[in-house]
Amino acid sequence: MSVIAGISTPNAPGGIAVIRISGDSALEIADRVFKAPNGKKAVDMKGYTCAYGHVYDDGQLIDECILTVFKAPHSYTGEDVAEISCHGGLFVTKKILRAVLKNGAEPSGAGEFTKRAFINGKLDLTQADAVMDIISAKGDTELKMAESLRKGTVFNKITSVREKLVKILGDLSAWADYPEEDIPEVEPDVLQSELNDVKSELESLIKGYDYGRILRNGINTVIVGRPNVGKSTLFNCLSGFERSIVTDIAGTTRDVVEESVKIGELVLRLSDTAGIRETSDIIEGIGVDIAFRKLDEADLIIAVFDGSCPLCEDDFKILEKLQNKRCIAVINKSDREILSDEQIINKYIENTVMISAKNNDGIEKLQSAVENIFEASEINFDNGTVSNERQKKCVDTALLQINESISALESGVMLDAVTVLIDEALQSLLELTGEKASETVVNEVFSRFCVGK
């Protein structure tokens, strides 16, 4: 493969920057631009060693640098790699990269260094996914999940399932293809038991997916309630600044206002919606319809009630909509006499907190309630859990085929048909790990990466 080069540090001024070069003649290209005072050549250096020197372009000094050498196959990409660490100015970094490209390297594409690591067998496709997850991690739990994936927990789990499916397919094929041989007949009950074991393992892989998705993308959180209960005040309180307009006029919020807020390890993608009520105003009515649609899309609903007055018909309509949803009831205006019936609210919504959004009182109780709902203590990432939609789709497809094969067995379908279903499940798992993934799938995975990774 050709030699590629790219800037592996962020596109911003900093203390140092790193230009990475990878490929069969990466060290030769490094020697064309880097000169050590003692005359040491990159091609003669041992792996995992550094040299001090200067980078030149057509004899013109660019910068003093440190050259680090990694020898194949003991490098990130599995190829010879040279990394030039220079001063972190944008101009000088790009000037060194241009010198490297002028001397024989080609610009790296998005994620191409990690893609080469995958092609050279340094990691599987799930571990490649983990690299991007580590880079984008925003908290300890998200980082723990990404590190678990990078260590191969999902790959190991898939390998275990794959081996079981291969054994099952081997037994079915041997029994079907060599009837004259003394091969034991495949017993449907034994086969069903083996498939149920596979089903359980696949289900455990999906178990933590929703939490992982929430860690990466944030909790899609909708604030709902009738007009003038304090939704926008609460939204501004959580956001830390006045993002929503607050007035005493009912129907002020007509569109959805959005903001991201961090609570501990969690990120809330807050949406402040129009007050829900019967209205003859066409524009306000559209806002109410949008609010109802948002409820169906939400990971979490914060339902706000005016504690200073009894529950009204609009409140009960909202409560009925929220049954069996992941929800926190907020009884607002605790700085006044409380007239709302908390016991009635608790019949519809289990989690209830009392606050004064205006005075910023009780907000910590709301934050604790959010953290308790999304507590992941029961999820052990070391046991393996899929981390993105691509992985989940592969496991979902495999699980569907396994479920259909179990149903087929129970219905007395010919074992040939069951074999086809099991083989399709196996193919989906091989696509997940990249052992049998199309070029389109592989390119899609690495398209999410930055150029220098």
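Our structure's up above, just so we're on the same page.
Residues numbered from 1 in each chain as written. Predicted model: local features only at pLDDT ≥ 70, side-chain atom pairs only at ≥ 80, totals over all residues. Heavy atoms only, no water.

A. Broad picture of the nonpolar core. Counting 34 residues, the largest nonpolar core has L165, L191, L195, L202, I402 and I422 as its most contacted members. Among the elements of the structure, α6 (153-177), α7 (188-207), α14 (389-410) and α15 (415-433) are those that each provide at least two residues to this core. Per-element accounting of this core gives the leading share, nine residues, to α15. The contact partners of L202, leaving out residues within four places of it in the chain, are V161, V395, A398, L399, I402 and L429. (Core = buried A, V, L, I, M, F, W, Y, C linked by side-chain atoms within 4.5 Å. Buried < 20%, exposed > 50% of the residue type's maximum accessible area, 1.4 Å probe, protein only. Helix = DSSP H or I, 4+ residues; strand = E, 2+ residues; numbered from the N terminus. Contact = heavy atoms within 4.5 Å.)

B. Spatial organisation of the pairing of strand β5 (residues 60-70). Alignment of strand β4 (residues 49-57) against β5, held across nine bridges, turns out to be antiparallel. The residue bridging A51 from the neighbouring strand is L67, located in β5. As paired strands, β5 and strand β6 (residues 81-88) are joined by five bridges and run antiparallel to one another. Residue I66 lies in a different strand from β6, and its bridge partner there is S85. (Pairing = 2+ DSSP bridges.)

C. Up close: the environment of E364. Mapped onto the fold, E364 is located in helix α13 (residues 363-373). For the pair formed by E364 and V353, sequence separation is eleven residues and the distance between their alpha carbons is 9.9 Å.

D. Quick peek at the environment of S8. Take S8: it is sitting in the loop between β1 (4-7) and β2 (14-22). Taking the C-alpha atoms as reference points, S8 and I19, separated by eleven residues in sequence, lie 5.9 Å from one another. Those residues in contact with S8 that lie beyond four places of it in its chain are V18, R20 and G452.

E. Here's a closer look at the sheet that holds β1. Strand order in the open sheet formed by seven strands is β3-β4-β5-β6-β2-β1-β7, and the pairing between neighbours is mixed. With one partner strand each, in any of the chains shown, β3 (34-35) and β7 (106-107) form the two edges of the open sheet. Packing against the sheet, helix α2 (residues 90-102) makes contact with β1, β2, β4, β5, β6 and β7, and its axis sits at approximately 150° to β6. (Axes fitted to C-alpha atoms, helices over the stretch in contact; angles between N-to-C directions.)

F. Here's a closer look at the environment of D24. When you line up the elements, D24 lands in the loop between β2 and α1 (26-33). Taking C-alpha positions, D24 is 9.9 Å from K71, a pair spaced 47 residues apart along the chain.

G. Inspection of the packing of α7 against α14 at higher detail. In contact at an axis separation of 10 Å, α7 and α14 are set at 155° when each is read in the N-to-C sense. The angle between the axes of α7 and α14 places the two elements in the roughly antiparallel class. The hand of the α7/α14 crossing is left-handed. Packed against α7, whose contacting residues are P188, L191, Q192, L195, N196, V198, K199, L202, E203, L205 and I206, the element α14 presents K392, V395, D396, A398, L399, I402, N403, S405, I406, L409 and E410 at the interface. Of the residues belonging to the contact of α7 with α14, the class tally is 13 nonpolar, four polar and five charged. (Parallel < 35°, antiparallel > 145°, perpendicular 65-115°, else oblique. Left-handed = near helix turned anticlockwise from the far one by under 90°. Nonpolar A, V, L, I, M, F, W, Y, C, P; charged D, E, K, R; others polar.)

H. Local environment of α2. Compared with the 18 Å implied by 1.5 Å per residue over 13 residues, the 18 Å span of α2 between its first and last C-alpha is a close match. Looking at α2, one finds that the buried residues are V92, T93, I96, L97, A99 and V100. Across the axial projection of α2, the buried residues extend over an arc of 155°, all falling on one side. In α2, those exposed residues whose orientation departs by more than 90 degrees from the buried face are F91 and K102. Summarising the contacts, the buried residues of α2 are in contact with β1, β2, α1, β4, β5 and β6. (Expected span 1.5 Å × (residues − 1). Arc of directions from axis to C-beta.)

The values are spatial; any link to function lies outside them.
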